[in-house]
Structure formats: structure tokens, C-alpha cells
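# Structural characterization, general
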2 protein chains.
Amino acid sequence: MEVNKGVCYGVGVGPGDPELITLKAVRVLTRCPVIAAPQTKSGEMLALDIVRGAVDLAGKTILPLSFTMSQDKGVLQAAHEAAADAVQAHLDRGEDVAMPNLGDVSIYATWGYVMEVLNRRGYETVMIPGVPSFCAAAARLSATLVSWGSPLHIIPVGKGPVAPLVEQPGGKVLMKAGRGLSEIAQALGRTGQLDRAALVEDCGLPTERVWTDWDRLPQDVGYFATVIVKEES
Amino acid sequence: MEVNKGVCYGVGVGPGDPELITLKAVRVLTRCPVIAAPQTKSGEMLALDIVRGAVDLAGKTILPLSFTMSQDKGVLQAAHEAAADAVQAHLDRGEDVAMPNLGDVSIYATWGYVMEVLNRRGYETVMIPGVPSFCAAAARLSATLVSWGSPLHIIPVGKGPVAPLVEQPGGKVLMKAGRGLSEIAQALGRTGQLDRAALVEDCGLPTERVWTDWDRLPQDVGYFATVIVKEES
């Protein structure tokens, strides 16, 4: 007898605070018997920890997925195929799988790679949008990122020069900014934007720190640092 | 006897589907006795309608706020001051007020203007982030907006030329694109991006429509149309 294949859901779970999960994400995560969670090398599963704060995981199968930080395209592709293999084994048994992702699932999300492989193999996938980390960072700072009429630029830090992007008009968000702070500060200073810029580290997590004074930034700002540059008023 | 002043909460309620409200937004909206809702000229309160799908409003005071579509700075400022006046009357009685906003509260949100006036007058405000409409549009299309390393540009349509912004590298989102579709299509065509672009109208609402074929766009695309342009792969 044919078994109907399961569906794989990519679920945005927001930036860190379990209360910033949507009602839809809670429903989908509650209904799926398998939760496939990205796992770091050290064994941490941050997206799963967020889910745990809002959804009862008792009785569910937890499927840790390992992704690599390698820049090698072949190594990356192999990791995505292996993650899809692990998910597929459950889909083939007719089990629905939910894969929680930090923030939203369409912006810099691991989900995209897994979805691509699963779609290519003929499996059904569904995306549940979430609150991006930069919206939470703006809320934390009580800041409007951008008002009607101006563009908003989301800029990843660590691949290529950021200065040309930082120096254009409009609101700006710099993601994973921890390692590029001196280049960012220089570009902001050159264009008179330092007094409109602020930094939030680990937004919504217990380790959260906030700076609005660029002369007082410490040396040890971590990976999940977001710089918010409000548009000129 | 002094009454403690109330707090005004700006609450992002997501793009339209009441299930895309966060747990935190539900809690805040449930706890506040006064809901201040933006109202269009025709009397519609779209953000309030979304809230109604997830929160019991029985017994609450509903405070309709009128905003103008005027381009005149004086007229705009007067409307924002009047909205703040209406909210302030409740805060002065010690009542907390929640103001729901479509999408997120930091991106093109009416909330920003009200917050500015209230803060200037010495009132406490708190922002609750929400799911932006463009994240829901990407999810609706099962599309990754942008993967790590590329910028994402959010571009408002209707003020100034959009072509220079559309033609730069990275993922792009064009907001309220209904009235600029021919300029957008031309810029996308010139830069070979039409096959990576799609349009979602009224995302998540019963009137939702989706197009991926730019040769088949109808003439009557409405105001709340979002164009998604995936980054080049």
C-alpha cells in the first residue's frame, strides 16, 4: 500500500524570545511529529531552544541537522543533501517534518538550501514566515528603521566590502556585524551617520547588550550583532 | 492623588492572516483596555480586523485614529498630533493603549509618527515587532529572498525613481508596487531579472492574487501589491 508522503515545513521562529513566535508557527510545530533542528558544531540547537519556550516537545522525534561553515561549494552541497536525506526518511514514512529557523525563513536562512534539495527530489514544502531579527533589534531600540518613501537596505557583513552599501541613502541594517565593526564605524563616520547608528548583540536573549555610543564599543562583540542605522530625518 | 500614566504599545500584527500574529502581540493586545486603530477615509480598520481574528475585543475601548494621505508636512504633523491627543487622554487616566499596525512597527509604519509625538510629550512607549508583509509574500511564493552574502533592498514605490534601486545586485522587494508596475517591469527587463520576479497582491487576505508571468499581469493590480525579486543564483 502506498503511503502518502509527509510535508516539510520551514518555520520562522523569530529572533530569540519564544513569545515572538507566531500562532501559526506554534500550531505547525505542535502538529508535526518530527522537528528537524539545525545544530552547531558544539551541539547547540538555538532554534530548537526557542521552540521549547513555546511548544511542548514531549513525544516528538528531534532530528539534529549538521550544517558546515565551510566556504567550499562541494562541501556545502554535500551537507545540504545529507540534511535533506535525514528529513526525507521521515517524509517517506508519511510523517510531517517541521524545521525551525531563527528569524524569518526567507532571509539568510538555512531552510532555503534544504527546501531546494527537497523540491528537486519532488517533496512538498511549505514556508511559515517569522519575525526577522532586525525588526526585533529596532523594537529594542524604540527606533523606526525607515518611514515611507525611503529604501531599507539589509546588509550581510563578512563577504565583500560593506562601505558602498552603508554609504547610500535610506535606513540600513548590518547583520552579523561583530567582525566588521571597525570598517562599519569608519563608513558611518565618513558619511555623518554615527549618531543615527546603534548596535544590539544577541537581541532578545539573556546575553543581550545594547550600545548607542560608538566610542564605548567593547572589543568582544559577538557574532549575532546587528547594527541599525536609521534613515536621515 | 497622582495616577500612574499608561504605556502606549505599538504592536506589529503581521501582513493579514491573524495566525501570523505573535504570542507577545496577542498577550499585549489582550491586556490593554484601549485599542487605538488606524482608520482609512472609508472607515476601514484593517489592522483591527486582523486583531479581531486572534484576540477577544469584548469590553475594550476602540479608538479609531484618522491619518491623512496628504503630502503637506503641516497637515501630516497636525494629524499625528491629533492621534497622539486621542491616545494621551487614555494614558492620562492610567490606561494602557495598544496600537496595532500592519506588518512590523519599524518599517513604513504609522506607529513611528505617533511614537515620536508621545515620546516628545514625555509618555512611555514600547514596540512589539511583527512579521513584515514581504516575508509573508516570499513564503507565499516558496521563495528565498536572499541567502547569506548578498544584500536585500526594500524599496517603496511611488516616491522618486525606482530603477536605480531595482537594477543593483541582491534580492529586492518593491512595496505598494501597484501603481509603478510598468516602470518596474522595464527596469527588471533591462537587467534580465524578470524571470526571477513575482507579484503578490493582498498577501494573506481573501483577495490575494499571485503572478509569476509578467506578460499576463492585469491592469487592475491594487495598492497592496508586493514585487519580490530573488537574488541571482
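Rules used in this analysis
Residues numbered from 1 in each chain as written. Chains lettered and ligands numbered in written order. Predicted model: local features only at pLDDT ≥ 70, side-chain atom pairs only at ≥ 80, totals over all residues. Heavy atoms only, no water. Helix = DSSP H or I, 4+ residues; strand = E, 2+ residues; numbered from the N terminus. Rg over C-alpha atoms; globule rule 2.2 N^0.38 Å. Buried < 20%, exposed > 50% of the residue type's maximum accessible area, 1.4 Å probe, protein only. Contact = heavy atoms within 4.5 Å. Pairing = 2+ DSSP bridges. Axes fitted to C-alpha atoms, helices over the stretch in contact; angles between N-to-C directions. pLDDT = per-residue confidence, 0-100. Right-handed = clockwise from strand over helix to strand, strands pointing away. Disulfide = S-S within 2.5 Å. Polar contact = N/O pair within 3.5 Å; in protein donor to acceptor, adjacent residues only side chain to side chain. Buried area = accessible area lost by both parts, 1.4 Å probe. Salt bridge = Lys/Arg side-chain N within 4 Å of Asp/Glu carboxyl O.

### Focus: the overall build of chain A
- The number of helices and strands found in chain A is seven helices and ten strands.
- For a compact globule of 233 residues, the expected C-alpha radius of gyration is about 17 Å, and chain A comes in at 19 Å, within 12% of that figure.
- If one aligns the C-alpha atoms of chain A with their principal axes, the spans along those axes are about 70 × 35 × 35 Å.
- Sorting the 233 residues of chain A into buried and exposed places 54% on the buried side.
- Taking contacts inside chain A between residues at least 6 apart in sequence as the whole, the part at least 24 apart equals 67%.

### Structural notes on the side chain of His 90 of chain A
Residue and element names in this part refer to chain A.
- Within the fold, His 90 resides in helix α3 (residues 73–91).
- Its relative accessible area of 9% is what places His 90 among the buried residues.
- The contacts of His 90, once residues within four sequence positions are left out, are Val 34, Thr 61, Leu 63, Glu 95 and Val 97.

### Some thoughts on the sheet that holds strand β3 (residues 61–66) of chain B
All names here are of chain B.
- What the five strands build is an open sheet, ordered β3-β2-β4-β1-β5; its pairing is parallel. Of all strands in the sheet, those bounded by a partner on one side alone are β3 and β5 (125–128). On average, adjacent strands in this sheet sit at an angle of 25° to one another, irrespective of strand direction.
- Examined bridge by bridge, strand β1 (residues 8–12) and β5 share four bridges and lie parallel to one another. The residue bridging Tyr 9 from the neighbouring strand is Val 126, located in β5.
- Across the sheet, helix α4 (residues 111–120) touches β1, β4 (97–101) and β5, and the angle it forms with β5 is around 160°.

### Thoughts on the confidence of the model for chain A
- Averaged over every residue, the pLDDT of chain A is 93; the share at 70 or more is 100%.
- Confidence estimates for the predicted assembly give a pTM of 0.95 and an ipTM of 0.95.

### Some words on the sheet that holds strand β10 (residues 225–229) of chain A
- The strand order across the open sheet built from ten strands is β9(A)-β8(A)-β10(A)-β7(A)-β6(A)-β6(B)-β7(B)-β10(B)-β8(B)-β9(B), with neighbouring strands paired in mixed fashion. The sheet is open, and its two borders are formed by β9 (209–211) of chain A together with β9 (209–211) of chain B, each paired with just one other strand. The mean inter-strand angle of the sheet, taken between neighbouring strand axes irrespective of direction, is 15°.
- With three bridges connecting them, strand β7 (residues 171–175) of chain B and strand β10 (residues 225–229) of chain B associate as antiparallel partners. Residue pairing across strands places Lys 172 of chain B opposite Val 229 of chain B, the latter belonging to β10 of chain B.
- The sheet strands contacting helix α5 (residues 133–140) of chain A are β6 (152–156), β7 (171–175), β8 (197–201), β9 and β10 of chain A, and the helix crosses β10 of chain A at an angle near 65°.

### Considering the pairing of strand β3 (residues 61–66) of chain A
Residue and element names in this part refer to chain A.
- The sheet contact formed by strand β2 (residues 34–39) and β3 spans six bridges and is parallel. Looking at the pairing, Pro 38 lines up with Leu 65 of β3.
- Chirality of the crossover, the property in question, places the unit of β2, helix α2 (residues 46–52) and β3 among those that are right-handed.

### Let's talk about the state of the cysteines
- On inspection of all chains with the given rule, the structure shows zero disulfides over all chains.
- For the unlinked cysteine Cys 32 of chain A, the closest cysteine sulfur is that of Cys 8 of chain A, found at 8.1 Å.
- A residue is classified by how much of its surface remains accessible, and Cys 32 of chain A, at 0% relative accessible area, is buried.
- Cys 135 of chain A forms no disulfide, and the closest cysteine sulfur to it belongs to Cys 135 of chain B, at a distance of 6.7 Å.
- Given the relative accessible area of 0%, Cys 135 of chain A is considered buried.

### Some remarks on the environment of Arg 121 of chain A
Residues and elements named next belong to chain A.
- If you trace the backbone, Arg 121 turns up in the loop between α4 (111–120) and β5 (125–128).
- In this structure, the C-alpha to C-alpha distance between Arg 121 and Leu 63, residues 58 residues apart in sequence, is 20 Å.
- For Arg 121, the residues in contact, after removing those within four places along its chain, are Glu 81, Ala 84, Asp 85 and Gln 88.
- A polar contact of 2.6 Å, which involves the side chain of Arg 121, links it to the side chain of Gln 88.

### Quick notes on the interface of chain B and chain A
- Contacts between chain B and chain A engage 49 residues on the former and 49 residues on the latter.
- Interface area for chain B against chain A, summed over the two sides, is near 4200 Å², with a carbon-plus-sulfur share of 65%.
- It is Glu 19, Leu 23 and Trp 148 of chain B that lose the most area in chain B upon contact with chain A, and together they represent 19% of the buried surface on that side.
- At the surface where chain B touches chain A, the tally comes to four salt bridges.
- Linking chain B with chain A are 21 residue pairs in polar contact (both at pLDDT 80 or more).
- Elements represented by at least two residues in the side of chain B that touches chain A include exactly α1 (23–31), α4, β5, α5 (133–140) and β6 (152–156) of chain B.

### What about the side chain of Asn 101 of chain B?
Residues and elements named next belong to chain B.
- Looking at the element boundaries, Asn 101 is found in strand β4.
- Its relative accessible area of 4% is what places Asn 101 among the buried residues.
- Only 3.3 Å separates the side chain of Asn 101 from the backbone nitrogen of Thr 110, close enough to count as a polar contact.
- Among residues more than four places away in sequence, those in contact with Asn 101 are Val 11, Gly 12, Val 13, Gly 14, Ala 47, Ala 109, Thr 110 and Trp 111.

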